Structure formats: C-alpha cells, structure tokens
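Descriptive structure summary
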Amino acid sequence: QISVAGLVKKMSAESAQRAALTAGAIVIDTIAIDDGRKDYQKVERLRQLRPDMILVSGGTDGGDTVKKLVEIAEMLVSADPKPRLGIGLNLPVIFAGNKDAFPAMAELLEGKVALSHVDNLRPTLEQENLLPAREAIHELFLEHVMQQAPGYGKLSSWTSAGIMSTPNAVGVIMETIANQRNITVLGVDIGGATTDVFSVFRNEAGTPIFNRTVSANLGM
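Summarised in this report is the structure supplied together with it. (Residues numbered from 1 in each chain as written. Predicted model: local features only at pLDDT ≥ 70, side-chain atom pairs only at ≥ 80, totals over all residues. Heavy atoms only, no water.)

**A short note on the overall build of the protein**
Note the threshold: Secondary structure elements follow DSSP: runs of H or I no shorter than four residues count as helices, runs of E no shorter than two count as strands, and numbering proceeds from the N terminus. Radius of gyration: over C-alpha atoms. The globule rule applied is 2.2 Å multiplied by the number of residues raised to the 0.38 power. Reported accessibility uses the Shrake-Rupley method at a 1.4 Å probe radius. Residues are deemed covered only where the shown protein chains occlude them. Charged residues are defined here as Lys and Arg on the positive side and Asp and Glu on the negative side; His and the ends of the chain fall outside this count. Throughout, a charge is located at the NZ atom of Lys, the CZ atom of Arg, the CG atom of Asp or the CD atom of Glu.
Check the secondary structure of the protein and you find seven helices and eight strands. The globule rule puts the C-alpha radius of gyration for 220 residues at 17 Å, and the 18 Å found for the protein is close to it. If you sum the accessible surface of the protein, you get close to 11700 Å²; carbon and sulfur atoms cover 53% of it. Taken as two groups, the 21 positive and 25 negative side-chain charges of the protein have centres that lie 5 Å from each other.

**Some remarks on the sheet that holds strand E1 (residues 2-6)**
Cut-off, in case you're wondering: Two strands form a pair only when DSSP identifies at least two bridges running between them. To obtain each axis, a line is fitted to C-alpha atoms, and for helices this fit is confined to the stretch in contact; angles are then taken between N-to-C directions over 0 to 180 degrees. What makes two residues a contact is simply this: any of their non-hydrogen atoms within 4.5 Å.
Spatially, the five strands line up as an open sheet ordered E2-E1-E3-E4-E5, and their pairing is parallel. Two strands lie at the open edges of the sheet, namely strand E2 (27-32) and strand E5 (114-117), each paired on one side alone. Averaged over all adjacent pairs, the angle separating strand axes in this sheet is 20°, with direction ignored. Seen against the sheet, helix H1 (residues 12-22) touches E1, E2 and strand E3 (53-56) and runs at an angle of roughly 155° to E1. Packing against the sheet, helix H4 (residues 102-109) makes contact with E3, strand E4 (92-95) and E5, and its axis sits at approximately 170° to E5.

**Quick word on the packing of helix H2 (residues 39-49) against helix H3 (residues 66-79)**
Defined as follows: Throughout, the term roughly parallel applies to angles under 35 degrees, roughly antiparallel to angles over 145, roughly perpendicular to angles from 65 to 115, and oblique to all others. Helix crossings get a hand from a simple test, with the near helix turned counterclockwise from the far one by less than a right angle marking a left-handed crossing and a clockwise turn marking a right-handed one.
For the pair H2 and H3, the least separation of the axes is 9 Å and the interaxial angle reads 55°. In terms of orientation, H2 lies oblique with respect to H3. Helix-helix and strand crossings are classified by hand; for H2 and H3 the assignment is right-handed. Taken together, the residues of H3 that come into contact with H2 (itself represented by Asp 39, Lys 42, Val 43, Leu 46 and Arg 47) are Met 75, Leu 76, Ser 78 and Ala 79.

**Let's talk about H4**
The periodicity of an α-helix, 3.6 residues per turn, causes residues three or four places apart in sequence to face the same way. Our working definition: Think of it in three bands: with a 1.4 Å probe and only protein chains considered, a residue is buried below 20% of the maximum accessible area for its type, exposed above 50%, and partly exposed in between. Each C-beta atom gives one direction from the helix axis, and the arc is the one those directions make.
Phe 102, Met 105 and Leu 109 are the residues of H4 that are buried. All buried residues of H4 fall inside an arc of 65° around its axis, so they share one side. In H4, the exposed positions that point more than 90 degrees away from the buried face belong to Pro 103 and Glu 107. In this fold, the buried residues of H4 make contact with E3, H3, E4 and E5. With its phi angle positive at about 80°, Gly 111 sits one or two positions after the end of H4.

**Some words on H2**
Considered for burial, the residues of H2 that qualify are Lys 42, Val 43, Leu 46 and Leu 49. Take H2 and look down its axis: the buried residues cluster within an arc of 140°, on one side only. Facing away from the buried side of H2, by more than 90 degrees, are the exposed residues Tyr 40 and Gln 48. Buried residues along H2 sit in contact with E1, E2, E3 and H3. Looking one or two residues beyond H2, the residue adopting positive phi is Arg 50, at roughly 50°.

**Some words on the pattern of salt bridges**
Opposite charge on two side chains permits pairing when their charged atoms draw close. In plain terms, the rule: The working definition used for a salt bridge is a side-chain nitrogen of Lys or Arg within 4 Å of a carboxyl oxygen of Asp or Glu.
Inspection of every chain in the model, using the stated rule, returns nine salt bridges. Residue Glu 14 pairs with Lys 10 through a salt bridge whose shortest N-O separation is 3.8 Å. Connected via shared salt-bridge partners are Asp 29, Asp 35, Arg 37, Asp 39, Lys 42 and Arg 45.

**Focus on the packing of H3 against H4**
Cut-off, in case you're wondering: Throughout this entry, Asp, Glu, Lys and Arg are counted as charged residues, while Ala, Val, Leu, Ile, Met, Phe, Trp, Tyr, Cys and Pro are counted as nonpolar. The remaining residues, Gly among them, count as polar.
Interaxial distance between H3 and H4 falls to 9 Å at its minimum, and their mutual angle equals 15°. Between H3 and H4, the interaxial angle falls into the category roughly parallel. H4 is crossed by H3, and the crossing has right-handed handedness. Here Leu 69, Val 70, Ala 73, Glu 74, Leu 76 and Val 77 of H3 lie close against H4, whose contacting residues are Ala 104, Met 105, Leu 108 and Leu 109. A breakdown of the residues in the contact of H3 with H4 according to their chemical character gives nine nonpolar, no polar and one charged.

**Let's talk about the pairing of strand E6 (residues 185-190)**
Sheet analysis places E6 next to strand E7 (residues 194-202), joined by six bridges and oriented antiparallel. Its bridge partner lying in E7, Val 188 is registered against Val 197. The antiparallel hairpin formed by E6 and E7 contains three residues in its connecting segment.

Here is the structure:
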C-alpha cells in the first residue's frame with residue numbers, strides 16, 4: 001500500500017501513480033500541490049493512512065521546482081506518518097523528482113523517514129522514466145514489508161533464490177512469454193483479495209512496454 005505525491009496532479013503525480021501501479025502496489029492516496037485540498041487536510045490524510053511507503057516525484061531535472069518539493073517534505077515532517085507494519089521503524093520514502101531538490105529534502109527528512117533517491121520519473125516534460133522507481137518499490141517491499149510477514153524468515157532459509165512477490169513473479173512470466181515469442185500479451189491474475197492486469201506491447205520504435213495494475217479488494 002503506497003501513497004504517492006507529486007507537484008502537478010496531471011503530470012508528476014500521475015507518473016508516480018503509474019510507477020507504483022506497475023510495481024504491483026495498491027495506491028491508497030495521491031497528493032499533489034493542485035489537488036484541491038488544504039495543506040492541513042493532506043497532512044491529516046497522510047497521518048491516518050499508514051502506508052507501507054511513500055513515493056514522491058515532481059519537477060524536471062534542473063527545473064525551478066526545488067521550493068515546491070521542499071514544501072512536500074515539510075508536509076511529511078508535519079504528518080510524521082507511521083508505517084502500517086514494523087512498529088518503531090522509519091517509513092520508507094522514495095524520492096524520484098528533480099535531483100536538485102534532493103539535498104534540501106534529505107536535510108529536512110533526515111532521521112524522520114528512511115529516505116532513498118532514484119532517477120527522476122520525469123527527467124524532461126516529454127519523457128517518463130518509471131523503471132528506477134519501480135525497482136526501488138520492489139526492493140523496499142521485500143526489505144520493509146515482507147520482512148514483517150509471519151514465516152518470511154523461515155521461508156528465506158529454505159531457498160537460495162530470491163523471493164518475489166506474486167505480482168512481480170507473474171509479471172516476469174508475462175514479459176518472458178512476450179519476448180520469447182515476440183508477441184503482444186494481455187494477462188489477468190485473479191487472486192483471493194486482488195486482481196492484477198498485465199500487458200506487454202511494443203511502441204512505435206518496437207521496444208516492449210510492460211504494464212501492470214493491481215485492483216485492490218477485487219478477487220475471488
């Protein structure tokens with residue numbers, strides 16, 4: 001369960017949403033500077049939700065958005081959100097926005113959250129770069145969320161291979177089928193509590209594009 005935050009609802013916040021959804025996450029709230037809510041309402045919402053992690057994006061690299069991104073960091077400090085699992089642990093926050101804003105954000109958030117930095121989701125207005133944020137979400141999910149799951153430690157001792165979440169594993173299967181057979185794939189995985197929809201298609205340049213969306217509370 002992830003909360004995402006961005007500067008502009010229809011741009012950086014939507015990119016953050018896409019990165020989270022294709023990582024197999026359930027997006028429980030999307031916060032943006034222009035989402036129509038007052039700051040105190042956003043702070044209260046962050047405090048109530050208790051997500052597993054937060055993904056923050058916004059601004060193009062080298063753009064003049066540092067001040068606005070620092071405002072999001074200040075909001076996080078005010079909210080002081082706690083993770084859903086792992087009492088006493090700092091909440092993981094991934095920053096995938098204008099790289100020039102990271103030092104100021106790190107200074108504000110030091111010791112308050114478990115902050116990590118990945119490449120910008122939107123390095124330019126026209127370009128979207130979801131992969132680094134998606135991979136960071138996977139790693140943090142296994143490190144911070146799955147570590148708290150009953151029996152995870154015992155399961156780890158039974159296998160020499162890395163443990164994958166179900167959406168991640170099924171996604172790898174879909175990508176493998178699409179690449180080996182050079183075809184377009186649409187797949188649906190209906191689980192007990194969630195339904196995952198996967199697709200692999202090729203863009204105009206012929207590059208395979210992978211997408212995944214998780215529908216929460218919709219399953220068998």
